[in-house]
Amino acid sequence: MSVRRLAKDQPATFAFSKATKAKADWWISKYPQGRQQSAVIPILWLVQKQEGWVSEPAIRAIADLLGMAYIRVLEVATFYTMFMLEPVGKTALVQVCGTTPCMIRGAGELMKVCKSKIGPKQTLSADGRFYWEEVECLGACVNAPMAMINDYYFEDLTPDSLKAILDDLAAGKSPQRGPQIDRINSAPEGGPQTLTDPKLYDGSAAKPIKSLPNSKPVKAPA
């Protein structure tokens, strides 16, 4: 895994938007007096949703808001890979899972697609619209290979389906999220293959119970 550090080019300032500040205050209010620093992770996330990434001035602003040392907020931001420390694509942040189940099922080919259509990994595309990186397990192993694009999972990918998704995003369209094959969530392709008898769910297979076990009062011995 590559070393995580702040981008060289940083904006001069950062300011919370009105909506972000209101949500940050709400998170802070959830913690008892003296424990407000516990809100650092959700506030980092709010800032990332506002700006697209977490800049050095934003880290300082969060530290001031929570009464924390700057280095403490920096430690959190650099520890969790969910926080982007450099500008990412305005259209799409593509995170391709490279853990074993996805790699076995073709994640390497997906990364080649990203490289050919976007450019080198962890590098903003020339037009500033796309950014991609390899990440560790995103927890959708049954639907491998997969990628998270912005806030959504795109699963059961092939090189062709990923190309189509990236083309749709570039054209301003909203591609279908989730599995890209004929399955519902993580169910088998084509539909369920077990427990398919409707009697299991409509009550018709149930047998009446005359009495529940151990339901009669028990008398204590004399």
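Definitions and cut-offs
- Residues numbered from 1 in each chain as written.
- Predicted model: local features only at pLDDT ≥ 70, side-chain atom pairs only at ≥ 80, totals over all residues.
- Heavy atoms only, no water.
- Helix = DSSP H or I, 4+ residues; strand = E, 2+ residues; numbered from the N terminus.
- Rg over C-alpha atoms; globule rule 2.2 N^0.38 Å.
- Buried < 20%, exposed > 50% of the residue type's maximum accessible area, 1.4 Å probe, protein only.
- Areas by Shrake-Rupley, 256 points an atom, 1.4 Å probe, with all protein chains shown as cover.
- Salt bridge = Lys/Arg side-chain N within 4 Å of Asp/Glu carboxyl O.
- Expected span 1.5 Å × (residues − 1).
- Pairing = 2+ DSSP bridges.
- Contact = heavy atoms within 4.5 Å.
- Axes fitted to C-alpha atoms, helices over the stretch in contact; angles between N-to-C directions.
- Patch = residues over 30% accessible without salt bridge, like charges linked within 9 Å, V, L, I, M, F, W, Y side chains within 5 Å.
- Right-handed = clockwise from strand over helix to strand, strands pointing away.

A. Quick peek at the overall build of the protein. Along the backbone of the protein there are 8 helices and 5 strands. Starting at the N terminus and ending at the C terminus, the protein contains elements arranged as α-α-α-α-β-α-α-β-β-β-α-β-α. Taking 222 residues into account, the globule formula puts the C-alpha radius of gyration at 17 Å, and the protein, at 25 Å, lies well above it. Oriented by its inertia axes, the alpha-carbon framework of the protein measures out at about 85 × 55 × 30 Å. The buried share among the 222 residues of the protein stands at 36%. As displayed, the protein offers around 14,200 Å² of accessible surface, 55% of which is attributable to carbon and sulfur atoms.

B. Inspection of the pattern of salt bridges at higher detail. Enumeration over the complete set of coordinates arrives at 8 salt bridges. Arg-72 is the salt-bridge partner of Glu-75, the closest N and O atoms lying 3.0 Å from each other. Residue Glu-75 and its partner Arg-72 are located together in helix α4 (residues 70-79), separated by 3 residues, close to a single helical turn. We classify Glu-75 as partly exposed; its relative accessible area is 38%. Arg-72 sits in the partly exposed class, given a relative accessible area of 48%. Arg-183 serves as the salt-bridge partner of Asp-156, at 2.9 Å between the closest nitrogen and oxygen.

C. Inspection of helix α2 (residues 40-51) at higher detail. When the terminal C-alpha atoms of α2 are compared, their 16 Å separation across 12 residues agrees well with the 16 Å that a helix rising 1.5 Å per residue should span. Among the residues of α2, Val-40, Pro-42, Ile-43, Leu-44, Leu-46, Val-47 and Gln-48 are the ones counted as buried.

D. The arrangement of unusual backbone geometry in detail. The linkage connecting Ala-144 with the following residue, Pro-145, adopts the cis geometry, with an omega of -5°. Among the secondary structure elements, Pro-145 is positioned in the loop between β2 (130-135) and β3 (147-149). Positive phi outside glycine occurs at Gln-122, with the angle close to 55°. Positionally, Gln-122 belongs in the loop between α6 (107-117) and β2. Even without being a glycine, Asn-150 presents a positive backbone phi close to 55°.

E. Region of the structure containing the sheet that holds strand β1 (residues 92-97). The strand order across the open sheet formed by 5 strands is β2-β1-β3-β4-β5, and the pairing between neighbours is mixed. Strands with a single pairing partner mark the edges of an open sheet, and in this sheet they are β2 and β5 (178-179). As paired elements, strand β4 (residues 152-155) and β5 share 2 bridges and run parallel to each other. For Glu-155, the partnering residue across the bridge sits in β5 and is Pro-179. On the sheet, α6 packs against β1 and β2 and is oriented at approximately 155° with respect to β1. Relative to β2, helix α7 (residues 159-170) is tilted by about 145°, and along the sheet it contacts β1, β2, β3 and β4.

F. Up close: a nonpolar patch on the surface. Taken together, the side chains of Ile-41, Trp-45, Phe-79, Tyr-80 and Met-82 define a hydrophobic patch exposed on the protein surface, amounting to about 470 Å² of accessible area. Looking at where Trp-45 falls in the secondary structure, it is placed in helix α2. Trp-45 gets classed as partly exposed once you look at its relative accessible area, which sits at 33%.

G. Geometry of the pairing of β4. Taken together, the 3 bridges between β3 and β4 define a ladder with antiparallel strand orientation. Across the sheet, Ala-147 pairs through a bridge with Phe-154, a residue of β4. With antiparallel pairing between neighbouring strands as the criterion, β3 and β4 make up a hairpin whose turn holds 2 residues, including Asn-150 at a positive phi of roughly 55°. Where the polypeptide runs from β4 across α7 and back to β5, its parallel neighbour, the crossover connection is left-handed.

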